[in-house]
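Geometric and topological summary
If you want the building blocks of each chain, they are given just below.
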Amino acid sequence: MIEIVSEMYFKNGGNGMELKDMIQGIPAKVIYAHLLQYIKGQDVAMKQLATAISAHTFQIAYNLRHTEHHFKTLNILLRGGTGSGKTEAFRALCHFKKLPIPIVVVNSGSFSPNGWKGDKTIEQMLLVLRAEAERILDAYIEEKKITLSSDEKTELITALTEIGIICIDEFDKKRIYISGTSPDAHNADYQYNLLTMVEGMKSYLYIDNGCGTETIDTSQIMFILMGAFAGLEECAVELQSKTTKIGFSMATTAHDSTDMQQYSDDVLIQYGIIRELVGRLPVHITYQPVTLEALITILRSAKSSVLQEYKQLFRYLGNKLVVDEEALREIADQALALGVGARGLQRVLQSHLQPILFDATNAKGQCYYVTKGYLSGKTEAASSIIKSKLA
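What you are looking at is a predicted structure, and each value in this text was computed from that prediction instead of being measured. (Residues numbered from 1 in each chain as written. Predicted model: local features only at pLDDT ≥ 70, side-chain atom pairs only at ≥ 80, totals over all residues. Heavy atoms only, no water.)

A word on the overall build of the protein chain
Assigned secondary structure in the protein chain consists of 17 helices and 13 strands. The contacts in the protein chain between residues at least 6 apart in sequence include a share of 71% that link residues at least 24 apart. By element, 53% of the accessible surface of the protein chain is carried by carbon and sulfur atoms, the whole surface being about 18900 Å². (Helix = DSSP H or I, 4+ residues; strand = E, 2+ residues; numbered from the N terminus. Contact = heavy atoms within 4.5 Å. Areas by Shrake-Rupley, 256 points an atom, 1.4 Å probe, with all protein chains shown as cover.)

What follows is the structure, encoded as structure tokens:
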């Protein structure tokens, strides 16, 4: 499909434009800089992720321009604890205008091998990707003022789908327990069904918009399997006890290793991922545990910061919210204690700001100061929240 569509021209006042002009390679530094606006404290992982995504765009750009040789897609296994920023990174990429390929995040629990458990079959992940491809194409043709026939648009949507990225979150929930105690006996079928897509297959999908059935070739789609992979270290220790060939540097033990790239395929297989799938995930990326300083930085400067959203809400209400540096650290400290990473910030802020927000929705021109004393419960809210007319 890609070879055919790459020869198709957009009709725009007689000026031809090929699909390859829409799909350009994006430098890793550009993607990295964008990610750092949203994700804090994960610089190494963001650099690795930016490099992998960049390589995918350049490989696709090359494949569109050369028919004699095609690069193979490099799929990713991504590990990170709860609230470390795995999903947030891809949310940031989904709406990055400089990245004109569809990227979607799906939850592994919403799909099943045959549709009997979960609301969709695994192949229907492609429908989610196709919808995103259509959104991107619509935005592009509107910006460039391009006119397409219905058939041209359909073929281009299909072509964009075939070069997109599918991120499967909570993939670790689909591990196969060697002991046979898996709560979902269909996990092996799930992985083998997914393997067929990762290897490259032609999937026939029914499009419920009058387009009928479309064929999607998955051979150039990048798959990113994400999860916390809790218990991976224990699997490494167990495997180490069985054999001296443990699969990572002899200078690094299973207890102090924080880089999943050092784990061998045998450890991942021991964990419960089928060997064939492990072999098709050459890129391994590990997020570091979220630190106190990272949480403070998220509060202070991340584009997706919950605190910044609250400040925006207060401005919309005609008021102002001010949180001093000591309070920022206290919020981050309380969130860290919850053990859910950056997600804890939402819980902590909601708990402390709810009484202030109750008052703010009934006032205008007020400046609300949040202090450490109020957050730690050492002072009453009334005396901790200083109100003054905005200048």
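Here's the deal with the pairing of strand E12 (residues 320-323)
Across the two faces of E12 the burial differs, with Leu321 and Val323 buried and Lys320 and Val322 not buried at all. Pairing between E12 and strand E13 (residues 367-370): 4 bridges, direction parallel. Within E13, the residue paired with Leu321 across the bridge is Tyr368. (Buried < 20%, exposed > 50% of the residue type's maximum accessible area, 1.4 Å probe, protein only. Pairing = 2+ DSSP bridges.)

What about the packing of aromatic side chains?
Taken as a whole and assessed by the stated rule, the structure comprises 3 aromatic pairs. Judged by centre distance (4.9 Å) and plane angle (65 degrees), the ring pair of Tyr62 and Phe71 falls under edge-to-face. Overall, the relative accessible area of 27% leaves Tyr62 in the partly exposed class. With relative accessibility at 36%, the residue Phe71 sits in the partly exposed group. Ring centres of Phe229 and Tyr271 lie 5.7 Å apart, and the angle between their planes is 45 degrees; on these two criteria the pair is classed as tilted. Here Phe229, found in the loop between strand E10 (222-227) and helix H9 (232-242), pairs with Tyr271, found in helix H10 (residues 265-271); they are 42 residues apart in sequence, far enough to count as distant. Since its relative accessible area comes to 0%, Phe229 is described here as buried. Taking relative accessible area as the criterion, Tyr271 reaches 2% and is therefore assigned buried. One residue, Lys174, lies across the ring of Tyr190, its end atom 4.8 Å from the ring centre. (Phe/Tyr/Trp six-rings, centres within 6.5 Å; stacked < 30°, edge-to-face > 60°. Lys NZ or Arg CZ within 6 Å of the ring centre and 35° of its normal.)

Considering the confidence of the model for the protein chain
Segments scoring low in pLDDT should not have their predicted coordinates read at a detailed level. With 82% of its residues at a pLDDT of at least 70, the protein chain reaches an overall mean of 82. Contacts of residues 1-17 to residues separated by more than four positions or lying in other chains number 44 contacts, the stretch itself having pLDDT below 50. For the stretch residues 386-391, pLDDT sits under 50, and the model shows 20 contacts to residues farther than four places along the chain or on other chains. (pLDDT = per-residue confidence, 0-100.)

Quick look at unusual backbone geometry
A negative phi holds for most residues other than glycine; trans holds for most peptide bonds. Positive phi, normally seen in glycine, also occurs at Glu170, with a value near 55 degrees. Summarising the element assignment, Glu170 is placed in the loop between strand E7 (165-169) and helix H8 (187-199). Phi is positive for Phe229, close to 50 degrees, though the residue is something other than glycine.

As for the nonpolar core
Residues Leu49 and Ile224 are the most contacted members of the largest nonpolar core, which totals 45 residues. Top element by residues in this core is helix H4 (residues 43-65). It accounts for 8 residues. Non-local contacts of Ile224, meaning those with residues more than four positions away in its chain, are made with Ile53, Ile76, Leu78, Phe90, Ile165, Ile166, Cys167 and Ile168. Core analysis: the next-biggest nonpolar cluster, separate from the first, contains 37 residues, Val106, Leu129, Phe223 and Tyr271 among them. (Core = buried A, V, L, I, M, F, W, Y, C linked by side-chain atoms within 4.5 Å.)

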